[in-house]
Amino acid sequence: MNSQHQLAHTFELIKLERQADLEYYRQKVLLRSLQQRTQDGTTWYPVKLKRDYIGTGERLIIEIERTNHLEKPHAFQSGKSVTVFSNAAGKPQKENVHGVVNYVRDNTMVITVNGDELPEWIYDGMLGIDVMFDEMSYREMEFALKEVMKAEDNRVAAIREILLGTAESEVRRDDVPALTFSSILNESQQRAITKIIETADVAFVHGPPGTGKTTTLVQAIAMTIKQEKQVLVTAPSNAAVDLLADKLSEQGLNVLRIGHPARVTEQSLSKTLDARIAQHQNYGELRELRKRMEQVRSTALKFKRSFGYHEREQRKQMLQEAKLLKNDADMLEFYIINDLLQNCEAICCTLVGSSHPTLRGKKFKTAFIDEAGQALEPASWIPILRAERVIFAGDHLQLPPTIKSNEAAKSGLAETLFEKGIRKHPERAAMLQVQYRMHEDIMQFSSEHFYKDELIAHDSVKRRILAANQVPVEFIDTAGAGYAEEQDPETLSRFNKEEADLVIRKVEKLIQEIGIEEWHQQGFTMGIITPYRAQVDYIVKLADASAILEPIRSLISINTVDAFQGQERDVIVIGFVRSNDKGEVGFLGDIRRTNVAMTRAKKKLIMIGDSATLGSHPFYLALLDFVQAKEFYRSVFEETF
Ligand SMILES: Nc1ncnc2c1ncn2[C@@H]1O[C@H](COP(=O)(O)OP(=O)(O)OP(=O)(O)O)[C@@H](O)[C@H]1O
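The rules behind the values
- Residues numbered from 1 in each chain as written.
- Predicted model: local features only at pLDDT ≥ 70, side-chain atom pairs only at ≥ 80, totals over all residues.
- Heavy atoms only, no water.
- UniProt positions renumbered as here; feature names shortened; annotations may be inferred.
- Helix = DSSP H or I, 4+ residues; strand = E, 2+ residues; numbered from the N terminus.
- Rg over C-alpha atoms; globule rule 2.2 N^0.38 Å.
- Buried < 20%, exposed > 50% of the residue type's maximum accessible area, 1.4 Å probe, protein only.
- Contact = heavy atoms within 4.5 Å.
- Areas by Shrake-Rupley, 256 points an atom, 1.4 Å probe, with all protein chains shown as cover.
- Lys, Arg positive; Asp, Glu negative; His and termini not counted.
- Charge placed at Lys NZ, Arg CZ, Asp CG, Glu CD.
- Core = buried A, V, L, I, M, F, W, Y, C linked by side-chain atoms within 4.5 Å.
- Domains from an automatic or database assignment.
- Near = heavy atom within 4 Å.
- Polar contact = N/O pair within 3.5 Å; in protein donor to acceptor, adjacent residues only side chain to side chain.
- Nonpolar A, V, L, I, M, F, W, Y, C, P; charged D, E, K, R; others polar.
- Axes fitted to C-alpha atoms, helices over the stretch in contact; angles between N-to-C directions.
- Parallel < 35°, antiparallel > 145°, perpendicular 65-115°, else oblique.
- Left-handed = near helix turned anticlockwise from the far one by under 90°.
- Pairing = 2+ DSSP bridges.
- pLDDT = per-residue confidence, 0-100.
- Phe/Tyr/Trp six-rings, centres within 6.5 Å; stacked < 30°, edge-to-face > 60°.
- Lys NZ or Arg CZ within 6 Å of the ring centre and 35° of its normal.

An unreviewed UniProt entry annotates the chain as IGHMBP2 family helicase of Pseudochryseolinea flava. If you open the UniProt record of the chain and go to Sequence similarities (unreviewed entry), you find "Belongs to the DNA2/NAM7 helicase family."

Student: When you look at the overall build of the chain in this model, what are you seeing that I'm missing?
Tutor: On a plain count of helices and strands, the chain comes out with 20 helices and 23 strands. At 28 Å, the chain has a C-alpha radius of gyration in line with the 26 Å of a compact globule built from 641 residues. Burial status across the chain gives 53% buried among its 641 residues. Here the analysis covers contacts within the chain between residues at least 6 apart in sequence; of these, 75% occur between residues at least 24 apart. Taken as a whole, the chain presents about 29900 Å² of accessible surface, with 49% of it coming from carbon and sulfur. Of the side-chain charges in the chain, 82 are positive and 91 negative, and the distance between the mean point of each set is 5 Å.

Student: Even after reading the chapter, I still don't get the nonpolar core, so can you show me in this structure?
Tutor: Across soluble globular proteins, nonpolar side chains have a tendency to be buried as a group. If you look at the biggest cluster of nonpolar residues, it comprises 61 residues, and the most contacted ones within it are Ile129, Leu163, Trp381 and Phe392. For this core, the leading source of residues is helix 1 (residues 3–30), giving 6 residues. There are two domains that each give this core at least three residues, and those are domain 1 (33–133) and domain 2 (137–167 + 184–254 + 345–432). Not counting the four nearest positions on each side in its chain, isoleucine 129 is found in contact with Thr42, Thr43, Trp44, Val47, Ile64, Phe76, Val82, Thr83, Val84, Phe85, Met109 and Ile111.

Student: Is there a simple way to think about the domain arrangement of the chain in this case?
Tutor: How big an interface is tends to be expressed through the accessible area that disappears when the partners come together. Parsing the chain into structural domains produces domain 1 (33–133), domain 2 (137–167 + 184–254 + 345–432), domain 3 (279–342) and domain 4 (436–638). Each of domain 1 and domain 2 has a C-alpha centre, and the two are 35 Å apart.

Student: How should the site of the ligand be read in this particular structure?
Tutor: Around the ligand lies a shell of 14 residues, among which Ile184, Gln189, Lys213, Thr214 and Thr215 are the nearest. Between the ligand and isoleucine 184 there is a distance of 2.4 Å, counted from a nitrogen atom to a backbone nitrogen or oxygen. Here arginine 437 contributes a side-chain N or O atom positioned 3.0 Å from an oxygen atom of the ligand. For the ligand, the protein covers 67% of the area, taking 630 Å² as the surface of the free molecule. The greatest single-element share of the shell around the ligand, amounting to 3 residues, is contributed by helix 6 (residues 213–228). Partitioned by chemical class, the residues of the shell around the ligand number 4 nonpolar, 8 polar and 2 charged. The two domains that each donate at least three residues to the shell around the ligand are domain 2 (137–167 + 184–254 + 345–432) and domain 4 (436–638).

Student: How do you make sense of the packing of helix 6 against helix 7 (residues 238–250) when you look at a structure like this?
Tutor: Each packed pair of helices is defined by two parameters, the angle between the axes and the distance between the axes. Running from N to C, helix 6 and helix 7 cross one another at 55 degrees; their axes reach a closest spacing of 10 Å. Classified by the angle between their axes, helix 6 and helix 7 sit oblique to one another. Here helix 6 and helix 7 pass one another in a crossing that is right-handed. Counting all contacts with helix 6, which are made through Thr214, Leu217, Val218 and Ile221, the residues of helix 7 involved are Leu243, Leu244, Lys247 and Leu248. Taken together, the residues of the contact of helix 6 with helix 7 sort by class into 6 nonpolar, 1 polar and 1 charged.

Student: Looking at this model, I keep getting lost on the sheet that holds strand 5 (residues 108–113). Mind explaining?
Tutor: By definition, the strands of a sheet pair up through backbone hydrogen bonds, in either a parallel or an antiparallel sense. Taken in spatial order, the 6 strands of this closed barrel run 1-2-5-4-3-6, and their pairing is antiparallel. Neighbour-to-neighbour, the strand axes of this sheet turn through a mean angle of 45 degrees, independent of strand direction. Examined bridge by bridge, strand 2 (residues 60–66) and strand 5 share 5 bridges and lie antiparallel to one another. Across the sheet, glutamate 63 pairs through a bridge with valine 110, a residue of strand 5.

Student: Help me understand the pairing of strand 6 (residues 127–131) in this model?
Tutor: The two faces of a sheet get side chains in turn, since along a regular strand they alternate between them. Taken across its 5 residues, strand 6 has 5 buried, putting it largely inside the fold. The side-chain alternation of strand 6 yields two buried faces, one formed by Leu127, Ile129 and Val131 and the other by Gly128 and Asp130. Where strand 1 (residues 43–54) and strand 6 come together, 3 bridges link them in antiparallel fashion. Pairing of threonine 43 across the sheet is with aspartate 130, part of strand 6. Looking at chain direction, strand 3 (residues 81–86) and strand 6 are connected through 5 bridges and run antiparallel. Bridge pairing in strand 6 places threonine 83 opposite aspartate 130.

Student: Hey, could you run me through the confidence of the model for the chain in this one?
Tutor: Detailed reading of predicted coordinates is not advised where the pLDDT is low. Looking at the chain, pLDDT values average 91 and 96% of them are 70 or higher. On the interface metric, ipTM, the complex scores 0.95, and its pTM is 0.87.

Student: How should I be thinking about the packing of aromatic side chains in this particular structure?
Tutor: We describe a pair of aromatic rings using the distance from one ring centre to the other and the angle between the two ring planes. Counted according to the given criterion, the structure contains 17 aromatic pairs. Taken together, a centroid distance of 5.0 Å and an interplanar angle of 90 degrees make the contact between phenylalanine 619 and tyrosine 620 edge-to-face. Residue classification places tyrosine 620 among the buried residues on the basis of a relative accessible area of 1%. Of the aromatic side chains, those joined through ring pairs into one cluster are Phe445, Phe450, Tyr451, Phe576, Phe619, Tyr620, Phe626 and Phe632. In this structure, lysine 362 packs its charged tip against the face of phenylalanine 364, placed 5.7 Å from the ring centre. Above the face of the phenylalanine 641 ring, lysine 509 is positioned so that its terminal group lies 5.4 Å from the ring centre.

Student: What is the right way to look at the sheet that holds strand 12 (residues 387–394) in this model?
Tutor: What the 7 strands build is an open sheet, ordered 9-10-8-11-12-7-13; its pairing is parallel. Where the open sheet ends on each side, the last strands, each with one partner, are strand 9 (255–257) and strand 13 (429–431). The mean angle between the axes of side-by-side strands here comes to 20 degrees, regardless of whether they run parallel or antiparallel. Of the strand pairs in this sheet, strand 9 and strand 10 (residues 346–350) are connected by 3 bridges, and their pairing is parallel. Across the sheet, arginine 257 pairs through a bridge with cysteine 348, a residue of strand 10.

As structure tokens, this is what we get:
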């Protein structure tokens, strides 16, 4: 398939994904009655308006309160798009107020409203709030794909042909200066930066777990800014963008965070466009203009119910004056934004955020895409449209992007542009090799299986163990013990009660071996990871009921692997759950998830599973061979509690 066919195919897949996402939304929200939605937590009803005020960047904020104190979980969280409606009789639906959730605490929700006016009905009560479908991301992704397809004789077309077509990557730019590196960078990190600086079009930084991908990227961005003055820095999630924005600021760089203030962390808020406008030297003037405009307009609106000729004329004039004042304010704001855009060094936003109207027409020499192994291809094209060169960083051997449509995932949407590019141009990729997290025995299997055995454990971690009486890796085999997986009939999620019991007993034993005092003092952290939601819930119940775990319960997190991506713990315990006589491993077959789970551990990794079931899959068979060869293997019958 040539590049055009591939893009047309991807276009169809993203349409499928949008449909699946919308269908999910329809089932969960649109097709349900108000009562059902309230029960399910996709609607808060009834709510009342507590107050409305102007927040950061002159945005209108409303604070609402839920009046029936439901303690059930709900779908509202910071960053979600929502709509406020009135259920009062005769209220036209079209007038709903849209906004984005800033935060939710107990029964209170704070929302930044789109637009600068509230309708009168909002003060009349009978209000409710619905979660909304995120149409904007799909629109931007589809738009970007079309632009990439249309591109001819320009940088976008060149990059398209390199990433999807048959074009070669130009090896080296001719204007590269001699590089001097920060002394903290190791050799493979320096090689990656050299590749980034040298490339004329694309480069890939492959960062396996704990290898300092962020550290490397931040240095590379700082060095690129020295040459190019300004760069675009993106990632698929707000959390990843905030992390990078913070690290770049720590390097003393002038960072501008483009994004809805409701969606960025408290720490990044001061770098947002809204906040930076408020810090600008001309902001006082802008504020004054807006205040006057507001005064004139609200006086004009007071005439609303008078119908005399004079009042009508006066009102018209005042509204005209308000309009002129608004024009002045908009012009001044435009000037301030341009000033900020021109003078900052790193513009940081999500992939979809790089389509923000303030960046319209703006071009960059280089765009960086971090966490590119989790970025949907159509979203990755959005920042590429603005750049001459693109640098991807990520690890395609950890978690892939989340996709709702199975069909789209299977037909290719699960493959990222990063993965496609790195396969086509391995010579443009640099893998970071030294990891600063895991004991070498914890690292070894992952390294052999996923990273061509090229990972090296840094001296500071390679022999680090929890305590003298502890080995770094254990595999406890439950085969033959009669454990059986079960399935929740409603959610279809799986669980295995006997295995959950064993996980808790093993954890209790470990804590007793170390000693609770010692554990506390060292503040050892632990993660219990299991692939199924139902098993997570069951283990949480057992852990909460354990008297032994009680004093250090706050140091133990229990969750599915997705919640641990990018994180690390001193101890990781994995319960594989699957135990059946058909040898079915289900979605444990996505071995990248297991790679992520295993590589979160710093000093100790305990795996618990049924070799009779797991062994039917080649990856787990290799894992069993490995633990046996290294004498990390033990049958559950040998365990004493
Ligand atoms: N050259 C280096 N020398 C010493 N320590 C380093 C070096 N590079 C990175 N580190 C350390 O390794 C740890 C991981 O670094 P960083 O957060 O940059 O990794 P990462 O690859 O982004 O992590 P992740 O696994 O979450 O992708 C940090 O504690 C960092 O200080």
